[in-house]
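# Results of the structural survey
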Amino acid sequence: MGLLLVENITHSYNPSHLFFKNKQSAAVLSDITLSIEEGQCLGLLGTSGAGKSTLGKVILGLEKPQKGQVIFQGIDLYDADKSTRRSIRRDLQVVFQDCYSSVNPRMNAEQIIGEPLQNYETLSLKEHYRTIGELLETVGLKADDRHKYPHQFSGGQLQRINIARAIALKPKLIVLDEAVSSLDMVNQTKILCLLNELKSSFGLSYLFITHDIKAAYSVSDTLAVMEKGEVAVLCEDKSQFFQLEHPSVRKMVESVLSEHPRYRSIPK
Ligand SMILES: Nc1ncnc2c1ncn2[C@@H]1O[C@H](COP(=O)(O)OP(=O)(O)O)[C@@H](O)[C@H]1O
Ligand SMILES: [Mg+2]
């Protein structure tokens, strides 16, 4: 059985504006069915506005869908009682695109990474200190970086702090919503390598939300493309993705320029 099953999710935001009062709001998600196996990464692609982040929020338990179910480790997320939801939240973490707004600027790295530990664990001071040092080193920073504040880190380093916080409780699934999109190419590559390492050493699963096929391809096992709130393409084996004839796949392939100018086909 899959770690995460998303079944027939349909959702729309309810406009409160008077103008829309009598109108049926358009569905942002229509009948979405997806699954993620343990230790696997599903790359969720799509252009801006396709509904990727909304689906991410539905999976995280932040946006109750109008129809459908989110089954995490066999439990219906929106049907679970409070304490079950709390324990699900521990196994289900998130990293967002904007590393600076994801953290409290008044907290240092130790406080940021330590927050989930304090909420869920009862570690001694010594254990807490040691765990944070280990987490910082796991994400490629120094244990001494614990005293630094967000403004003292680069974007790439701060995203590592966000990743350290996300893995602090050894979750099963991390939703990465455009988590590398605001980084420069060098840092993107480094963070993607880190995500691949963490995935194999901790058996993590990811929902990797992005508009960038290159980034998705490098971490994902399976790929899906969303269009206007629907899953337009689902490719269980990423090595088959570039052969698919679906127009949205062809558009994506054409938008990735070949390394050598001679082989570039510029999309019309
Ligand atoms: N909180 C919200 N309230 C109302 N509409 C929203 C909200 N969040 C997103 N939307 C709308 O839902 C659609 C899908 O948005 P989103 O899920 O953010 O797409 P993506 O992440 O693929 O860019 C867009 O039309 C967007 O304007
Ligand atoms: Mg988004």
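Numbers given for residues are sequential positions, taken from 1 along each chain in its written order. For naming, the first written chain is A and the first written ligand is 1, with later ones following in the order written. Owing to the predicted nature of the model, reporting of local features is limited to residues with pLDDT of at least 70; listing and counting of side-chain atom pairs is limited to 80 or more, with chain, interface and lining totals taken over all residues. Side-chain metrics in this entry use all non-hydrogen atoms of the structure; hydrogen atoms and water are not considered.

### Some details on the overall build of the chain
Segments assigned H or I by DSSP are reported as helices when at least four residues long, segments assigned E as strands when at least two residues long, and all are numbered from the N terminus. For the chain, the count of helices and strands is 8 helices and 10 strands. Here the radius of gyration uses the C-alpha set of atoms, whereas the globule reference equals 2.2 Å times the residue count to the power 0.38. Compactness check: the chain gives a C-alpha radius of gyration of 20 Å against a globular reference of 18 Å for 268 residues, within 12% of the reference. Projected onto its principal axes, the C-alpha positions of the chain cover 55 × 55 × 40 Å. Using a 1.4 Å probe on the protein chains alone, a residue whose accessible area is under 20% of its type maximum counts as buried, one over 50% counts as exposed, and one in between counts as partly exposed. When burial is assessed residue by residue, the chain has 45% of its 268 residues classed as buried. In this analysis, two residues are considered to be in contact whenever any of their non-hydrogen atoms come within 4.5 Å of each other. Summarising the internal contacts of the chain: among those between residues at least 6 apart in sequence, 64% fall at separations of at least 24.

### Here we look at the packing of helix 5 (residues 155-167) against helix 6 (residues 185-202)
Contact geometry for helix 5 and helix 6: axes closest at 10 Å, N-to-C directions at 15°. Considering the angle they form, helix 5 stands roughly parallel to helix 6. Crossing of helix 5 against helix 6: the hand is right-handed. Residues Gly-156, Arg-160, Ile-163 and Ile-167 of helix 5 form the contact with helix 6, whose own contacting residues are Asn-187, Lys-190, Ile-191, Leu-194, Leu-195, Leu-198 and Phe-202. In this classification, Asp, Glu, Lys and Arg are treated as charged, Ala, Val, Leu, Ile, Met, Phe, Trp, Tyr, Cys and Pro as nonpolar, and every other residue, Gly included, as polar. Here the contact of helix 5 with helix 6 is composed, by residue class, of 7 nonpolar, 2 polar and 2 charged. Working convention: axes come from line fits to C-alpha atoms, limited for helices to the stretch in contact. Angles between N-to-C directions cover 0 to 180 degrees. Roughly parallel refers to an angle under 35 degrees, roughly antiparallel to one over 145, roughly perpendicular to one between 65 and 115, and oblique to any angle outside these ranges. Rotating anticlockwise by less than a right angle from the far helix to the near helix defines a left-handed crossing, while the corresponding clockwise rotation defines a right-handed one.

### Observations concerning the sheet that holds strand 9 (residues 222-227)
In this description, strands pair whenever DSSP reports at least two bridges between them. Pairing in this open sheet of 6 strands is mixed, and the strands run 6-7-8-3-9-10 from one edge to the other. With one partner strand each, in any of the chains shown, strand 6 (92-95) and strand 10 (230-235) form the two edges of the open sheet. Averaged over all pairs of adjacent strands, the angle between their axes in this sheet comes to 20°, without regard to strand direction. By the bridge criterion, 4 bridges tie strand 6 to strand 7 (residues 173-177) in an arrangement that is parallel. Bridging from a neighbouring strand, Val-94 pairs with Val-175 of strand 7. Here helix 6 sits on the sheet and contacts strand 3 (41-45), strand 7 and strand 8 (205-209); the angle it forms with strand 8, its principal contact strand, is near 155°. Sheet strands touched by helix 8 (residues 247-255): strand 3, strand 9 and strand 10. Its angle to strand 9, the strand with the most contacts, is close to 105°.

### With respect to the site of ligand 1
In the neighbourhood of ligand 1, the contacting residues comprise Tyr-13, Val-28, Thr-47, Ser-48, Gly-49, Ala-50, Gly-51, Lys-52, Ser-53 and Thr-54. Between Lys-52 and ligand 1, the recorded distance is 2.8 Å, taken from a side-chain N or O atom to an oxygen atom. Contacts described as polar in this section are N or O atom pairs within 3.5 Å, which, within protein, must combine one atom able to donate a hydrogen with one able to accept it, while residues neighboring in sequence count only if both atoms come from side chains. A distance of 2.8 Å separates an oxygen atom of ligand 1 from a polar side-chain atom of Ser-53. Accessible surface area values rest on a Shrake-Rupley calculation with a 1.4 Å probe, where residue burial reflects the displayed protein chains alone. About the coverage of ligand 1: the protein hides 55% of its 560 Å² of free accessible area. Taken together, the residues that form the shell around ligand 1 break down as 3 nonpolar, 6 polar and 1 charged. If even one non-hydrogen atom of a residue comes within 4 Å of a molecule or strand, that residue is called near it.

### What to know about the state of the cysteines
The disulfide criterion used throughout: a pair of cysteine sulfur atoms within 2.5 Å. Under the definition given, this model contains 0 disulfides. As a non-bridged cysteine, Cys-193 has Cys-41 as the owner of its nearest cysteine sulfur, 14 Å distant. Cysteine Cys-235 is unpaired, with the sulfur of Cys-41 as its nearest cysteine sulfur at 13 Å.

### Concerning the nonpolar core
Membership of the largest hydrophobic core comes to 48 residues, with the highest contact counts inside it found for Ile-161, Leu-195, Phe-208 and Phe-241. At 6 residues, the largest contribution of residues to this core is made by helix 5. These domain boundaries are the output of an automatic or database domain assignment. Mapped onto the domain boundaries, this core takes at least three residues apiece from domain 1 (1-91 + 173-238) and domain 2 (103-170). Ignoring anything within four residues of it in the chain, the contact list for Phe-241 reads Leu-45, Ile-213, Leu-223, Val-225, Val-233, Cys-235, Val-249 and Met-252. Among the nonpolar cores identified, the runner-up in size contains 27 residues, and Leu-3, Ile-36, Ala-50 and Leu-92 belong to it. We define a nonpolar core as any set of buried Ala, Val, Leu, Ile, Met, Phe, Trp, Tyr and Cys residues linked to one another through side-chain atoms lying within 4.5 Å.

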